[in-house]
Amino acid sequence: MKSGLSRRRLLKNTTLLGASAVLPAAYASGIQPLPIPPLLDVGRGRPILLSMGSSKKAFVDAKKVDVWGFNGLYLGPTIRCKQGDFVRLNYSNQLSQRVSIGLQGLQVSGELFGGVGRQFDSGAGWSPIVPITQSAATCWYHADTLAHSAYQVYRGLSGMWWIDDEESRKAKLPNKYGVNDIPLILQDVRLNNQGEQLFNPNQRQFLGNRLLVNGVEAPYLNVARGWVRLRLLNASLSRGYNLNLDDGRSIWVLAGGLGFLPQPREVRSLFLAPGERAEILIDLNEGGNVALISGEKRGFFDKMTSWFADENELVDNTVLALRPDGLLSAFEQKIDFQRQEQITTNVAVAQQRSFMLDVENALLNQQKFDPRRVDVNAALGSYERWYLSATAPIGFSLQGAKFLLESFNGQTIDTSQLTWRDTVWVNGNISILVKFDQTSSNNYPFTFGSSDLMLADKGCLGMLVVQ
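The structure reproduced in this document is the subject of the present report. Every value quoted in this text rests on a predicted model; they were computed, and no experiment measured them. (Residues numbered from 1 in each chain as written. Predicted model: local features only at pLDDT ≥ 70, side-chain atom pairs only at ≥ 80, totals over all residues. Heavy atoms only, no water.)

### Let's talk about the sheet that holds strand S32 (residues 446–450)
Where strands meet in a sheet, backbone hydrogen bonds hold them as pairs that are either parallel or antiparallel.
Consideration 1: With respect to topology, five strands assemble into an open sheet ordered S25-S33-S32-S27-S30, the strand pairing being mixed. The open sheet has two free edges, formed respectively by strand S25 (376–378) and strand S30 (423–426), since each of these has just one partner strand. Ignoring which end each strand starts from, the neighbouring axes of this sheet average 25° apart.
Consideration 2: The pairing of S25 with strand S33 (residues 461–466) spans three bridges and is classified as parallel. Counterpart to Ala378 in the pairing with S33 is Val466. (Pairing = 2+ DSSP bridges. Helix = DSSP H or I, 4+ residues; strand = E, 2+ residues; numbered from the N terminus. Axes fitted to C-alpha atoms, helices over the stretch in contact; angles between N-to-C directions.)

In structure tokens:
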């Protein structure tokens, strides 16, 4: 730490001329447009092929390196379906190691979910038919392999899964994929001099120093004037992001991972835990370019000195620079959306449980994950109240079920913020109301615990069976 501070002071004492000479060599690598993952639309009726394998990609300096992903790409395509569909999946593992895939956010049975109970050997596959019964949501699929999920997700085994319903399709919301309805997959990485991903499985947590969005650092996107809808997925292993716009304008939060808010909520910033998803709206009817960033806005010297700061600090904290095209709107367009579903916490609670996440030792209630031990047996259709705490701020997630955030440090959550979730940031004492609508078994269980995949791999997980 001391050497980092001294280097930072040294750089700040250099002249502007000297600093500008350093920038091209150390910082500037060329601004790139945002890549948009391919869209696989279930509505066309064909099976959805998800072939896991390796490919080549250049993260920086046009040096192509080995990466993982789906269907010959880094990361995976966006799968889009609607309530009432039956999705015919076709998994194929072309990697040299075993892989499990979980469908985080999808409300399906443990037998169809995949997850830790269903591993694919190299060369093997699986072809389930998954019924979509839930309301509109932004979910994601990713490697969920016991003790190896962090490494496999880090290499590229993750992608987004969007669900529409009648309400979302009729709503006057931006819905043109890749045009004004944009998928953003956030991952922090660490690269060596050859541009290859560095990973140490023995680390307690992983914090990279480069922020990639859809596989690109600090991308930009040209968009038409009006409202733009960003669907955010934090696919980082350990890092959470405090997101805001660099000019201070408002963000409108439209939805969490598993459903809409009662109505869009105006905020200045939004925190996204590992594994968490959110949908936001940004008003580009007027004004110039604006950037979605994580943390505080940086000036020229801030960007320069980030190379000499703490090794876990992001070199560039830009998520996406938005460049609106066209004339200023003749009149201000309004987003007028209200959720039809009424959500209440006034329900009969079958049981109350407490869970404490020990971040330092990767424990859940002082225990390591054991596939032979069922930590929670829940009844189908029941509600339970869970109290969550942690020794340090950490993400928590739950498979195959959903919950409402009831209170934080004793303060009841306002009804205007009530929405179904499967992931939350635990930074204090939290109460959640969990609903179990899907069955699971000892052979095909759900898991719950740390959404930090490094800690999950080390055992900060529990097994959930719903019958």
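More follows now that the structure is in view.
### What to know about the nonpolar core
Consideration 1: Core analysis: the largest hydrophobic core is formed by 89 residues, its most contacted members being Trp161, Trp386 and Phe396.
Consideration 2: Here this core gets five residues from one element, more than from any other, and that element is strand S9 (residues 137–143).
Consideration 3: Contact partners of Trp161, with chain neighbours within four places excluded, come to Ile79, Cys81, Val87, Leu89, Leu103, Leu106, Ile132, Ala137, Thr138, Cys139, Trp140 and Tyr141.
Consideration 4: If you look at the next biggest cluster of nonpolar residues, it comprises 30 residues, including Leu211, Val253, Val267 and Ala278. (Core = buried A, V, L, I, M, F, W, Y, C linked by side-chain atoms within 4.5 Å. Buried < 20%, exposed > 50% of the residue type's maximum accessible area, 1.4 Å probe, protein only. Contact = heavy atoms within 4.5 Å.)

### Remarks on the pairing of S33
Along any regular strand, the residues point their side chains to alternate faces of the sheet.
Consideration 1: Here S33 lies mainly inside the structure; six of its six residues are buried.
Consideration 2: Across four bridges, the pairing between S32 and S33 is antiparallel. In the strand pairing of S33, Gly449 is matched with Leu461.

### Here's the deal with the pattern of salt bridges
Consideration 1: Throughout the structure, instances matching the rule amount to 19 salt bridges.
Consideration 2: Its salt-bridge partner being Glu166, residue Lys170 comes within 2.8 Å of it at the nearest N-O pair. Of this pair, Lys170 and Glu166 are both found in helix H5 (residues 166–170), four residues apart, which corresponds to roughly one turn of the helix.
Consideration 3: Relative accessible area serves as the criterion here: at 63%, Lys170 is assigned to the exposed category. (Salt bridge = Lys/Arg side-chain N within 4 Å of Asp/Glu carboxyl O.)

### Observations regarding the sheet that holds strand S11 (residues 181–189)
Consideration 1: The strand order across the open sheet formed by seven strands is S13-S12-S11-S15-S20-S17-S18, and the pairing between neighbours is mixed. Both edges of this open sheet fall to strand S13 (216–217) and strand S18 (259–267), since each of them pairs with a single strand only.
Consideration 2: Across five bridges, strand S17 (residues 251–256) lies against S18 in antiparallel orientation. By the bridge assignment for S18, Val253 is matched with Arg265.

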